[in-house]
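Coordinate inspection notes
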Amino acid sequence: KLTGGNRGSIMLMDNRREHLYIASALGLPEEIVSVTLQKVGEGVAGWVAESGESVLLNTDASRDERFVSPTALSGKVQCAMCVPLKFRNAVIGVMNLGSSEGQCEFTDSDMRRATIFGEHASVAIMNARLMLSLANKAEVLAWAEPAAG
């Protein structure tokens, strides 16, 4: 709804920062979401993760030489944009938006909206990771406390 596309995903870096995996998706088949692992530096999403720069692809985006995404198997991608998700200037993932329907063209305004949304999403993702880490530490401390007493 943000830009008019009919599919999208949030891909996050693995712990080694070598691959991107789909953490959340809309409009993509589950069999693609569950097995996709994109190497950093390969494909559009991998290129964006490596370079930290956004990409806007209009008019048959699947013909771009960087487009090796498995999502291409689920229908021809007419237009796409990919925005890096950054926290403290480090890329933590990418946000992909696309459309496989009719004539499609994302605008610079769409890219600005996606970039702003990506900035907020990055903060939310890092806050969620921090909360999970704190909850795990609290659980360990609670488990260890009776043993100390």
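This section reports on the structure supplied with the text. Just so it is clear, the model here is predicted, and its values are computed rather than measured.

Turning our eyes to something else, we now look at the overall build of the protein. Of the regular secondary structure elements, the protein holds three helices and six strands. In sequence order, the protein lays out its α and β elements as β-β-α-β-α-β-β-β-α. By the burial criterion, 39% of the 149 residues in the protein qualify as buried. Restricting to contacts in the protein with at least 6 residues of sequence separation, those with at least 24 account for 51%.

This next bit is on the side chain of Thr36. Among the structural elements, Thr36 can be located in the loop between α1 (30-33) and β3 (37-39). A polar side-chain atom of Thr36 sits 2.5 Å from the main-chain carbonyl oxygen of Ile32.

What follows covers the pattern of salt bridges. Enumeration over the complete set of coordinates arrives at one salt bridge. Residue Arg113 pairs with Asp110 through a salt bridge whose shortest N-O separation is 2.4 Å. Taken together, the residues span about one helical turn, with Arg113 and Asp110 both in helix α3 (residues 108-148) at a distance of three residues. You can call Arg113 partly exposed: its relative accessible area is 37%.

Let's shift gears to the sheet that holds β3. Read from one edge of the open sheet, six strands run β3-β2-β1-β6-β5-β4, paired in antiparallel fashion. Here the strands that pair on one side only, and so sit at the sheet edges, are β3 and β4 (55-57). Strand-to-strand twist in this sheet, taken as the mean axis angle between neighbours without regard to direction, amounts to 25 degrees. Of the pairings in the sheet, the one linking strand β1 (residues 7-13) to strand β6 (residues 90-99) comprises six bridges and is antiparallel in character.

All right, on to unusual backbone geometry then. With a phi close to 60 degrees, Arg17 is a non-glycine residue in the positive phi region. Tracing the sequence through the fold places Arg17 in the loop between β1 and β2 (19-26). The phi torsion at Asn89 lies on the positive side, around 65 degrees, for a residue other than glycine. Tracing the chain through its elements places Asn89 in the loop between β5 (79-87) and β6.

As a further point, take a nonpolar patch on the surface. A contiguous nonpolar surface patch, about 310 Å² in accessible area, is contributed by Leu130, Met131 and Leu134. Mapping Leu134 onto the fold places it in helix α3. We classify Leu134 as partly exposed; its relative accessible area is 46%.

With that settled, the discussion passes to the pairing of β5. Burial of β5 is extensive: seven of the nine residues sit out of reach of the surface. In this structure, β4 lies alongside β5, joined through three bridges in antiparallel fashion. Looking at the pairing, Leu57 lines up with Ala80 of β5. Here β5 runs beside β6; their pairing, made up of nine bridges, is antiparallel. Counted as the bridge partner of Lys86 is Val91 from β6.

Thresholds applied
- Residues numbered from 1 in each chain as written.
- Predicted model: local features only at pLDDT ≥ 70, side-chain atom pairs only at ≥ 80, totals over all residues.
- Heavy atoms only, no water.
- Helix = DSSP H or I, 4+ residues; strand = E, 2+ residues; numbered from the N terminus.
- Buried < 20%, exposed > 50% of the residue type's maximum accessible area, 1.4 Å probe, protein only.
- Contact = heavy atoms within 4.5 Å.
- Polar contact = N/O pair within 3.5 Å; in protein donor to acceptor, adjacent residues only side chain to side chain.
- Salt bridge = Lys/Arg side-chain N within 4 Å of Asp/Glu carboxyl O.
- Pairing = 2+ DSSP bridges.
- Axes fitted to C-alpha atoms, helices over the stretch in contact; angles between N-to-C directions.
- Patch = residues over 30% accessible without salt bridge, like charges linked within 9 Å, V, L, I, M, F, W, Y side chains within 5 Å.
- Areas by Shrake-Rupley, 256 points an atom, 1.4 Å probe, with all protein chains shown as cover.

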